[in-house]
Amino acid sequence: MTALVTIGEFSRLTHLSVKTLHHYHEIGLLAPARVDPSSGYRRYDTAQVDVAQLIRRLRDLQMPLAQVREVVEAPDVAARDQTLRHHLDQMERELVQTREVVASLRSMLTLPVTELSVEYRFMPAFRAYGVRGHVERATMEPWFGATFGRLGELAASQRIAATSGATYSNEFFTEDAGEVVAFLPVAPDQEPADGVELIDLPAGYFAIARHDGPFTDFDRTYGALGSHVAEYCEVADGPIRELYLVSPGETNDPADFRTEVCWPIQQLPTLKG
């Protein structure tokens, strides 16, 4: 047996405010069982309590309303569970990132600043399998996953033993979106392959610093290396390169990541002032 209750009573039953219930009604997420046509009073069925409590828990987990609607309106249990599982996986990834940021902040507060080790290196021109994309910083993870997944497949199938990398346009940093070119060095006479293009990266001199560990505090390495270049070197035209000595595709532990940041410079560093 169920019963109709006022919106105030339903609010007490579900711990959802009247304002929130009005909003859910307006967007069609949780409509009252009956609305009086003359007074506009809303009545809810006690059978709706479980749905309302599910919605409240999902919102407590910061699930977007669009995904909440998918759960509530799922045609069956399997579809509902798939949506919930996707959101929980996303939350776990965000939790890992939060922990990494906290660890980075603690290291900034507690660990002494160590002098950055900078190497100057000339890189000859080389041919590579490349994938270009206009990438937004906030959504770069899926692009990187698909792109380096393809390059990894080519490296395995064609037995290419080379360090992959990427170049980043200035706009990627200044506008939070710009051209990124992922690359895998290959032989000069390498045959074309599906899903990639053959590109030629130019020779150049670089100031290089190695970043050990997760990308959460990647900006600290960039800041230290960029400051070093500004203070002691003449910057050259061209995008910044990253070389992935130990990449996320090779280890599940971010502490094991090893990345070289390569800042383009003129042939010979010169002291300023």
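Up top you'll find the structure we're talking about.
Below: a short report on this structure.

The rules we used
- Residues numbered from 1 in each chain as written.
- Predicted model: local features only at pLDDT ≥ 70, side-chain atom pairs only at ≥ 80, totals over all residues.
- Heavy atoms only, no water.
- Pairing = 2+ DSSP bridges.
- Helix = DSSP H or I, 4+ residues; strand = E, 2+ residues; numbered from the N terminus.
- Axes fitted to C-alpha atoms, helices over the stretch in contact; angles between N-to-C directions.
- Contact = heavy atoms within 4.5 Å.
- Phe/Tyr/Trp six-rings, centres within 6.5 Å; stacked < 30°, edge-to-face > 60°.
- Expected span 1.5 Å × (residues − 1).
- Buried < 20%, exposed > 50% of the residue type's maximum accessible area, 1.4 Å probe, protein only.
- Arc of directions from axis to C-beta.
- Core = buried A, V, L, I, M, F, W, Y, C linked by side-chain atoms within 4.5 Å.
- Parallel < 35°, antiparallel > 145°, perpendicular 65-115°, else oblique.
- Left-handed = near helix turned anticlockwise from the far one by under 90°.
- Nonpolar A, V, L, I, M, F, W, Y, C, P; charged D, E, K, R; others polar.
- Disulfide = S-S within 2.5 Å.
- Salt bridge = Lys/Arg side-chain N within 4 Å of Asp/Glu carboxyl O.

**What about the sheet that holds strand S7 (residues 177-186)?**
As summarised here, the arrangement of the eight strands in space is S4-S9-S11-S10-S6-S7-S5-S8, forming an open sheet in which the pairing is antiparallel. In this open sheet, the two strands that pair with only one neighbour each are strand S4 (119-123) and strand S8 (197-201). Adjacent strand axes in the sheet meet at a mean angle of 35°, parallel and antiparallel pairs treated alike. Bridge analysis of strand S5 (residues 126-136) against S8 gives five bridges, and the strand direction is antiparallel. The residue of S8 that forms the bridge with Ala128 is Ile199. Sheet contacts for helix H8 (residues 218-232): S4, strand S9 (204-212), strand S10 (240-246) and strand S11 (258-265); angle to S11, the most-contacted strand, approximately 30°.

**Re the pairing of S9**
In regular strands, side chains alternate between the two faces of the sheet. Where S4 and S9 come together, five bridges link them in antiparallel fashion. The residue bridging Arg121 from the neighbouring strand is Phe206, located in S9. Both S9 and S11 contribute to a ladder of eight bridges, which runs antiparallel. Residue pairing in the sheet places Tyr205 in a bridge with Ile265 of S11.

**Regarding the packing of aromatic side chains**
The full count for this structure, using the stated rule, is 15 aromatic pairs. Through successive ring pairs, a cluster of aromatic residues spans Trp143, Phe144, Phe148, Tyr168, Phe172, Phe173, Phe215, Phe218, Tyr222, Tyr244, Phe257 and Trp263.

**Describing the environment of Val118**
Looking at where Val118 falls in the secondary structure, it is placed in the loop between helix H5 (77-110) and S4. It is 17 Å that separates the C-alpha atoms of Val118 and Ala236, two residues lying 118 residues apart in sequence.

**Topic: H8**
Compared with an ideal rise of 1.5 Å per residue, which puts 15 residues at 21 Å, H8 spans 21 Å between its outermost C-alpha atoms and is within 8% of the ideal. Among all positions of H8, only Phe218, Thr221, Tyr222, Leu225, Gly226, His228 and Val229 are buried. End-on view of H8: buried residues confined to an arc of 155°, all on one side of the axis. In the core, the buried residues of H8 are packed alongside S4, helix H7 (170-174), S9, S10 and S11.

**What to know about the side chain of Thr14**
With respect to the helices and strands, the residue Thr14 is situated in helix H1 (residues 7-14). Overall, the relative accessible area of 1% leaves Thr14 in the buried class. If sequence neighbours within four positions are ignored, Thr14 has contacts with Val49, Ala52 and Arg56.

**Quick word on the nonpolar core**
Tyr129, Phe148, Leu151, Tyr168, Val180 and Val196 are the most contacted members of the largest nonpolar core, which has 19 residues in total. For this core, the element with the highest residue contribution is helix H6 (residues 140-157), accounting for five residues. Setting aside its immediate chain neighbours within four residues, Leu151 contacts Tyr129, Ala182, Phe183, Leu184 and Val196. One finds Ile7, Phe10, Leu30 and Val71 within the second-largest nonpolar core, a separate group that totals 16 residues.

**Quick word on the packing of H1 against helix H3 (residues 49-60)**
The description of two packed helices rests on the angle between their axes and on the distance between the axes. Contact geometry of H1 with H3 gives a least axis separation of 10 Å together with a crossing angle of 60°. Between H1 and H3, the angle is such that the two are oblique. For the crossing formed where H1 meets H3, the hand is right-handed. For the pair formed by H1 and H3, the contact residues are Phe10, Leu13 and Thr14 on the first element and Val49, Ala52, Gln53 and Arg56 on the second. Residue composition of the contact of H1 with H3, grouped by class: four nonpolar, two polar and one charged.

**Brief notes about the state of the cysteines**
On inspection of all chains with the given rule, the structure shows zero disulfides. Counting only cysteine sulfurs, Cys262 is the nearest neighbor of Cys233, a cysteine outside any disulfide, at a range of 13 Å. Here Cys233 falls in the buried class, since its relative accessible area comes to 0%.

**Looking at the sheet that holds strand S1 (residues 4-6)**
Strand order in the open sheet formed by three strands is S1-S3-S2, and the pairing between neighbours is antiparallel. Two strands bound the open sheet, and with one partner strand each, they are S1 and strand S2 (34-35). Alignment of S2 against strand S3 (residues 42-45), held across two bridges, turns out to be antiparallel. Paired with Arg34 across the bridge in S3 is Arg43.

**Some points on the pattern of salt bridges**
Within this structure, the stated rule accounts for 11 salt bridges. Of the charged contacts in the structure, one is a salt bridge between Arg127 and Asp200, with a shortest N-O distance of 3.0 Å. Separated by 73 residues along the polypeptide, Arg127 in strand S5 and Asp200 in strand S8 bring together distant segments of the chain. Residue class for Asp200 comes out exposed when judged on its relative accessible area of 53%. With its nearest N and O atoms 3.4 Å apart, the salt bridge here joins Glu153 to Arg150. Highlighted residues: Glu153 and Arg150, both in helix H6, separated by three residues, approximately one helical turn. In this structure, a network of salt bridges that share partners links the residues Glu119, Arg121 and Glu260.

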